[in-house]
Structure formats: C-alpha cells, structure tokens
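Coordinates in review
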Amino acid sequence: MHAETGKAQEQPGAVRSGVDRRALIAGGGAVLAAGVGAGVVALGRGRPAASSPPPPSAPAVAFHGERQSGVTAPQQPATLLLALDLAPAATSDGRAALRSLLGELTRVLADAAGGAAADPRLRGGEPAQLSSLVGVGPGLAARLGLNVPPALADLPAYPGDRLDPARGGGDLVVQLCAADRWPLTVVAELLAAAAARSAGGTVRWTQPGFLPRTPAGTTPRNLFGYKDGTANPDATEAKQWVWGPPGPYEHGTVLVYRRIRMDTAAFAALPEDRRDLAMGRRLTDGAPLTGTAEHDDPDIYAKNPDGSYVIPNTAHVRLSSPRLDSGARMLRRGYSYDDAPDDRGLLFCAFVRDPEQFTRVQNRLAAKDALNPFLVHTASAVVYVLPGAREGGVLGEGLWA
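The next thing to look at is helix α11 (residues 355-368). The end-to-end C-alpha distance of α11, which contains 14 residues, comes to 21 Å, matching closely the 20 Å that a straight helix rising 1.5 Å per residue would cover. Taken together, the buried positions of α11 are Pro355, Gln357, Phe358, Thr359, Val361, Gln362, Arg364, Leu365 and Ala366. Packing partners of the buried residues in α11 comprise α7 (235-241), β5 (253-262), α10 (316-319), β8 (343-352) and β9 (375-385). Measuring from the backbone nitrogen of Glu356 back to the side-chain oxygen at the start of α11 gives 2.9 Å, which picks out Asp354 as the cap.

The next subject is the packing of helix α4 (residues 91-114) against helix α6 (residues 182-199). The N-to-C vectors of α4 and α6 enclose an angle of 155°; their axes lie 9 Å apart at closest approach. Taken together, α4 and α6 sit at an angle that is classed as roughly antiparallel. Crossing of α4 against α6: the hand is right-handed. Together, Ala97, Ser100, Leu101, Glu104, Leu105, Arg107, Val108, Leu109 and Ala112 of α4 and Val187, Leu190, Leu191, Ala194, Ala195, Arg197, Ser198 and Ala199 of α6 make up the contact between the two elements. Split into classes, the residues belonging to the contact of α4 with α6 amount to 12 nonpolar, two polar and three charged.

What follows deals with the nonpolar core. With 68 residues, the main nonpolar core has Leu98, Leu146, Leu172, Leu176, Leu191 and Leu399 as its most contacted residues. If one sorts the elements of this core by residue count, α4 sits on top with 10 residues. Beyond its immediate chain neighbours, meaning those up to four positions away, Leu399 contacts Leu98, Leu102, Val136, Leu146, Asn147, Val148 and Leu386.

With that out of the way, let us pick up the packing of aromatic side chains. Counting across every chain of the model gives seven aromatic pairs. Relative to Phe358, the ring of Tyr158 lies with its centre 5.9 Å away and its plane at 75°, an arrangement referred to as edge-to-face. Here Tyr158, found in the loop between α5 (138-144) and β3 (172-178), pairs with Phe358, found in helix α11; they are 200 residues apart in sequence, far enough to count as distant. Between Phe224 and Phe267 the ring centres are 4.2 Å apart and the planes differ by 25°, which places this aromatic pair in the stacked class. In this pair, Phe224 is assigned in the loop between β4 (202-210) and α7 and Phe267 in helix α8 (residues 264-268), connecting sequence segments 43 residues apart. Summarising the burial analysis for this pair, Phe224 and Phe267 share the class buried.

Conventions adopted
Residues numbered from 1 in each chain as written. Predicted model: local features only at pLDDT ≥ 70, side-chain atom pairs only at ≥ 80, totals over all residues. Heavy atoms only, no water. Helix = DSSP H or I, 4+ residues; strand = E, 2+ residues; numbered from the N terminus. Expected span 1.5 Å × (residues − 1). Buried < 20%, exposed > 50% of the residue type's maximum accessible area, 1.4 Å probe, protein only. Contact = heavy atoms within 4.5 Å. Polar contact = N/O pair within 3.5 Å; in protein donor to acceptor, adjacent residues only side chain to side chain. Axes fitted to C-alpha atoms, helices over the stretch in contact; angles between N-to-C directions. Parallel < 35°, antiparallel > 145°, perpendicular 65-115°, else oblique. Left-handed = near helix turned anticlockwise from the far one by under 90°. Nonpolar A, V, L, I, M, F, W, Y, C, P; charged D, E, K, R; others polar. Core = buried A, V, L, I, M, F, W, Y, C linked by side-chain atoms within 4.5 Å. Phe/Tyr/Trp six-rings, centres within 6.5 Å; stacked < 30°, edge-to-face > 60°.

Take a look at the structure:
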C-alpha cells in the first residue's frame, strides 16, 4: 500500500421538442430522474433554457516519445492491467515472435491513443485519453537473452504473502489507463488478438482498477478512505530513483505490481484515532500526525512528552518512510479494485530503478505494519518498462543489443 503516490450552438430561445440527447448522455441518471420534470416546467413557462456548449475535449495523450505515456502522463481514473504469455519457442524463433508482437502492440496502442483505431467501438466518442505502458518480465528476458537491466528479477517471497500464480507474473505486462473503462476493454481485446496472431500468445490475467473522481492536483483516496500517493518524487528525485541511469536503460523503469486485498469493514470498525495511528496520517486531511497539511514531510523522529514517537513504530507511513532508506522514493500509482464482496482492495503500482528498493520497504512492512491484520497480498509481478517508441519506431528496439 505504501501511503508514502462541433455542432453549432442553437440560437437562444429556439424551441426544441423531446429531450436533448447530448444532455441525456452527459447527465446520466440525474437527467432521467429530474430533467424531464424540469423540462415540463420550463415549457409550461414558454421559456426553455438554452443549451450550453459542451466542455472542450482534452487533447489526446501522445504515444510516441522517449518514455512511455503510462508512466509520464497524469494519472487517469480508470486502469486495466493485462499480462501475456508467449508460446514456448527456441531462442531465435522466440525473438522473432517477440519482435513481431512488439510491432503489433506498438501499432495498436499508437492508433488507439491517436484516435485512429480501426475498431468501430473506438470511433465517434470523446478522445480516449489513453496512456499505456508495456513491460517485459524477467522470465522472458532470461529465456530469450534480452538486454534488460541487471537488477530485473522476480520478487522474493515476503512474510504473509498468499500469492495466486494465476493472477501474477507474465512474459509481458501491459497497463492501460484512460478517463473511463470503455476504451480499456476494447484495446485489451485488440492486444490479446495481436498476441495470439504474432506469437501464439495467451492472456495470463487481467485486472481492472479505478480511482474516485477528484479535482486536478489532489490526491485520490483508497478504500480505507485515506489519501494514497501523497509523497511521490519530484522530477529531480525521479531521475535518481525511478528512471534508469544514463545509457541503454535511461528512459526505462521497473514496475512492481501488487494486488492487495483489504478488509475494509474491519478497518472501518476501528475508532478513527486508531486508524490514524495505524496509518500515520489523519483521515480528515491527509496530514501526517506530525504536521498540519497533507504535503508536510512526516517527522518520524518526533516524540511525545512521554518519549513515545508521535508517528508510532508500527505506523505504515513510518515504515515506508524514505528516511529509513537513504531518501529513496518510489513513484506510486495506486488504484482500487472491487472484484467481489469479499475481494476488494488496492492495485499497488510502483515505478523504481531497482526492485530491491521495494523489497527493503516491503520487508519492513511485513515485519510490523499495523495495517497487516487488514491486508493480504494476493498477486505480484515485476517487469522492465521499456523506453518509449520514437515516431516510426517500435517498442523494445533496445532489447536486442
């Protein structure tokens, strides 16, 4: 969990019959429940309200660039993770299949991001605002002798893990993010078809996630109700801790993915002050227990008059503090999931230069995090997020060096 990441406007007064279709779509259930009655009142007065122009559409997220948009673009409200396994093959055949597949994935993702997808389900609506990333798993890299960072490796087993192999791992992991789920479902289907065509690939697992709608620049809350992702690195810190060093991996990073089931009912039953002590932050405003505002730096060494720490030894914020890890920070992008009444929680996605950084933090948390009674880690994956594709290029061009 790691709490420390054109249609012309109608003339005014024009009389229209029926319900405005655009308003119906935009307003959803509120229009159905209240809009018809309001319309009758307006017509009875002989002065129907003039339609408002639609809000301007946000520009599409650029696919091409030095780094993949799934890491660099602002966090979107909806996500879908997709893991693919390639058919077993000799090294030479496997490399050829992977080259072909990465070319297909590049084409599908670039077309979808640019609004040029051939699939009719992606036409005619608002821009999808699709951002994406593709990562290579350590097993595939070792099998095909790919050029990936030396630190790329599967995560070790952590105390308390209850991992389902069918929900984690994978030769390739793709993360799709957008303003809503619709394009994610369609693009994931196109990617799965491309994998089957190009490399005899199969879908190992998929996992959707979501965020609450929050004003721009504010931190979303997780299903425990706390703000999640507050202390993310700035650009200077990310250059040191997130992106690869100068050289072939400079514009790549490593994604650590964990699916964490949360016992939301049991946690909510605790008094609010106990929840705050377990988290190390206040539920109300997200401020650390040693501060007054969300972005105040938690002082993990501050003490009460009796000598106890203000942020307790077992608080989640304390155990995940960069102060205990030479200042190292992860770029965290958590999403909630709700797969069943007894299976909801957090999709923890962290970007790091070296996954050993995650291991150091997770070992501290596994040992004594006050949240442990309410959390179960059920799936895990780690992949090398490839550098971006240049215009006319293909993802993964550096894998063959």
